[in-house]
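Below are the chains, spelled out letter by letter.
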Amino acid sequence: MVTVLIAGGGTGGHVFPMVAVGDAVRAAAPDARVVYVGTARGIEVRVMGERGDSLELLNVLPLRGGGLSGFVRGAARAGRVLPEARRLVERLDARVVLSLGGYAGGPVSLAARSLGVPVAILEPNSVLGLSNRLLSPLVDRAYVAFPEATRALRPSSVRLFGVPLRRAFARAPYAPREGRLSLLVLGGSQGALALNDILPRAIAQTAQGLERGVDLDVVHQTGRDREAAVRSLYAELGLADRARVVPFIDDVAEALAAADVVIARAGASTLAELCAVGRPSILIPYPFAADDHQMKNAQSVERASAAVAIAQADATEARLAGEIARLAAAPALRALMADAAAALATPDAAARVAADLLELARAPRHRALRFPLGGRAARADEAPRRAAMRGAAPPGAALGQEEAG
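Residues numbered from 1 in each chain as written. Predicted model: local features only at pLDDT ≥ 70, side-chain atom pairs only at ≥ 80, totals over all residues. Heavy atoms only, no water.

**Quick look at the overall build of the chain**
Looking only at helices and strands, the chain features 14 helices and 13 strands. Carbon and sulfur atoms make up 53% of the accessible area of the chain, which amounts to about 17100 Å² in all. (Helix = DSSP H or I, 4+ residues; strand = E, 2+ residues; numbered from the N terminus. Areas by Shrake-Rupley, 256 points an atom, 1.4 Å probe, with all protein chains shown as cover.)

Right, here's the structure in full:
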């Protein structure tokens, strides 16, 4: 039996590609064992728990978001957890490790490489994340979705496969309907305060200017514990009967297929899902994403004529209302944008990544590398890990004040 470790987590942008690859590995090799590695801080605890997946937790801190002191604390914690990560790789007899970045990806990948286990990274964004950038000299494979991400990678390691998605995300023919416009607002798995505040107002302004007889409806994902305020705002604006406000959408593929226009952040998974289904979009990138990668993601899709990209600083009520009204009045343009989005889709990404991972898993191991993984202070037993699982922080608690991206 081949064991594949998939490490990462935190936000939906990491967790759902992890799940997609894991499912594809099991589909390609039913006897393979897939084990995920994350932290108690991310949504992987909920997602993998609901699915019944095997999830191991490491007590790792983020490297970014806390300034220099936060980076130092995160790097020190990662160093202390390396022995535990190494014991984990040995205990599970992992044959290959895939890292999607996030808190857990770095320690598990370094531990695996120290044991000679092949390591791969998956970078769904147009800019390499910090963890993947640091690991890139050591990896056998680098699976990427944007050509821009290949610049910092060893050419022989690169595989331009796209973003792995769950099977539910498939092309849904786009047929603009006369007299009807359905908007879908997505703020990422953690929601987005800025979108929650400005979009109800922009949509209300749009509704006032639409031609008589045009039926407008909205589905708005707000993020956890934020739906009450957003629902109240829609009611205050006279849109209570037109807006369905929910904290989280479980079946995003179905919601995308039902939408005429999607208004969203520009995380790589969100864009991949939009393209897989084939829908026009207005993208408002999260301005504090590392290295401004969401803006670069959005601009890449905009260049393909599949979306309109608007910086959050420019996303005023009037600007958004104008863009929504423009698309509402141009069904032919929306259809062209939908086709352009679908042309960017990579529906076989998960299967291609899985097949390549299994090939790596069956290859001979590398020579082990010597890292300073020992030390009495670094030892950790299973009790803290189980305690972390029981006392898991709310999803996204350490991912930023507004959202995880």
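**Notes on the pattern of salt bridges**
On inspection of all chains with the given rule, the structure shows 19 salt bridges. For Arg133, the salt bridge identified is with Asp291, shortest N-O distance 3.4 Å. Note that Arg133 is positioned in helix H5 (residues 130–135) and Asp291 in the loop between strand S12 (281–283) and helix H10 (293–303), a separation of 158 residues in sequence. Its salt-bridge partner being Asp197, residue Arg201 comes within 3.5 Å of it at the nearest N-O pair. (Salt bridge = Lys/Arg side-chain N within 4 Å of Asp/Glu carboxyl O.)

**A closer look at the packing of helix H6 (residues 193–209) against helix H7 (residues 227–236)**
Relative to each other, H6 and H7 sit at 20 degrees, their axes nearing to 10 Å. As summarised for this structure, H6 and H7 are arranged roughly parallel, according to the angle between their axes. In this structure, the crossing between H6 and H7 has a hand that is right-handed. Residues Asn196, Asp197, Pro200, Arg201 and Ile203 of H6 pack against Val230, Leu233 and Tyr234 of H7. By residue class, the composition of the contact of H6 with H7 is five nonpolar, one polar and two charged. (Axes fitted to C-alpha atoms, helices over the stretch in contact; angles between N-to-C directions. Parallel < 35°, antiparallel > 145°, perpendicular 65-115°, else oblique. Left-handed = near helix turned anticlockwise from the far one by under 90°. Contact = heavy atoms within 4.5 Å. Nonpolar A, V, L, I, M, F, W, Y, C, P; charged D, E, K, R; others polar.)

**Here we look at the packing of aromatic side chains**
Counting across every chain of the model gives two aromatic pairs. On the numbers, 5.7 Å between centres and 15 degrees between planes, the contact of Tyr143 with Phe161 is stacked. Here Tyr143 is found in strand S6 (residues 141–144), whereas its partner Phe161 is found in the loop between strand S7 (158–160) and strand S8 (180–186), with 18 residues between them in sequence. For the pair Tyr143 and Phe161, one class covers both residues: buried. With centroids separated by 5.8 Å and ring planes inclined at 80 degrees, the aromatic side chains of Tyr286 and Phe288 adopt a geometry described as edge-to-face. The positively charged end of Arg46 is found above the aromatic ring belonging to Phe248, 4.9 Å away from the centroid. The ring of Phe16 is capped by Arg166, whose NZ or CZ atom sits 4.1 Å from the centre of that ring. (Phe/Tyr/Trp six-rings, centres within 6.5 Å; stacked < 30°, edge-to-face > 60°. Buried < 20%, exposed > 50% of the residue type's maximum accessible area, 1.4 Å probe, protein only. Lys NZ or Arg CZ within 6 Å of the ring centre and 35° of its normal.)

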